[in-house]
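# Working through the structure, step by step
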Amino acid sequence: MSFLKRIAHKPKLIIFIDNSADKLEDVQAAVKSLKDTKLIIIEYLEYKNKALKKVSEQEFRKYWNEQVKNFLQIG
């Protein structure tokens with residue numbers, strides 16, 4: 001919710017993926033206040049079966065900044 005408060009546009013759709021059922025429930029409860037926003041939540045369980053590559057915070061931010069740029073260019 002703090003992220004949504006900082007951006008100018010309000011999303012029509014939020015896709016939230018996490019490996020914690022508690023976090024997914026928290027997000028679902030928080031987004032209920034956004035009446036015109038649809039929420040899709042996915043519990044990610046693959047990490048239990050595979051060794052996932054560790055990435056730095058810088059790599060993580062770079063990847064997602066690129067994804068946001070690509071998304072905004074499409075819309």
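What counts, and at which threshold
- Residues numbered from 1 in each chain as written.
- Predicted model: local features only at pLDDT ≥ 70, side-chain atom pairs only at ≥ 80, totals over all residues.
- Heavy atoms only, no water.
- Phe/Tyr/Trp six-rings, centres within 6.5 Å; stacked < 30°, edge-to-face > 60°.
- Helix = DSSP H or I, 4+ residues; strand = E, 2+ residues; numbered from the N terminus.
- Polar contact = N/O pair within 3.5 Å; in protein donor to acceptor, adjacent residues only side chain to side chain.
- Contact = heavy atoms within 4.5 Å.
- Pairing = 2+ DSSP bridges.
- Right-handed = clockwise from strand over helix to strand, strands pointing away.
- Patch = residues over 30% accessible without salt bridge, like charges linked within 9 Å, V, L, I, M, F, W, Y side chains within 5 Å.
- Areas by Shrake-Rupley, 256 points an atom, 1.4 Å probe, with all protein chains shown as cover.
- Salt bridge = Lys/Arg side-chain N within 4 Å of Asp/Glu carboxyl O.
- Buried < 20%, exposed > 50% of the residue type's maximum accessible area, 1.4 Å probe, protein only.

## Comments concerning the packing of aromatic side chains
Within the structure shown, the criterion is met by two aromatic pairs. A centroid spacing of 6.5 Å and a plane angle of 55° characterise the contact between F60 and W64, whose relative ring orientation is tilted. Taken together, the positions of F60 and W64, both in helix α3 (residues 57–74) and four residues apart, correspond to about one turn of that helix. Considering the side-chain rings of Y63 and W64, the 5.0 Å spacing of their centres and the 90° angle between planes classify their relative orientation as edge-to-face. Following the ring pairs from residue to residue traces out a cluster consisting of F60, Y63 and W64.

## Let's talk about the side chain of T37
Relative to the assigned elements, T37 resides in the loop between α2 (21–31) and β2 (38–43). Only 2.8 Å separates the side chain of T37 from the backbone oxygen of P11, close enough to count as a polar contact. Ignoring sequence-local partners within four residues, the contact set of T37 consists of P11, K12, L13, I14 and V31.

## So, the pairing of strand β1 (residues 13–18)
As a general feature of sheets, a regular strand has side chains that alternate between the two faces. The pairing of β1 with β2 spans six bridges and is classified as parallel. Residue pairing across strands places L13 opposite K38, the latter belonging to β2. Handedness of the crossover joining β1 and β2 through α2 is recorded here as right-handed.

## Notes on a nonpolar patch on the surface
Judged by side-chain polarity, L13, I15, I17, I40, I42, Y44 and L52 come together as a nonpolar surface patch covering roughly 610 Å² of accessible area. Of all elements in the fold, only β1 and β2 reach the threshold of two or more residues within the nonpolar patch. Top element by residues in the nonpolar patch is β1. It accounts for three residues. Position of I17 among the secondary structure elements: in strand β1. For I17, a relative accessible area of 49% corresponds to the partly exposed category.

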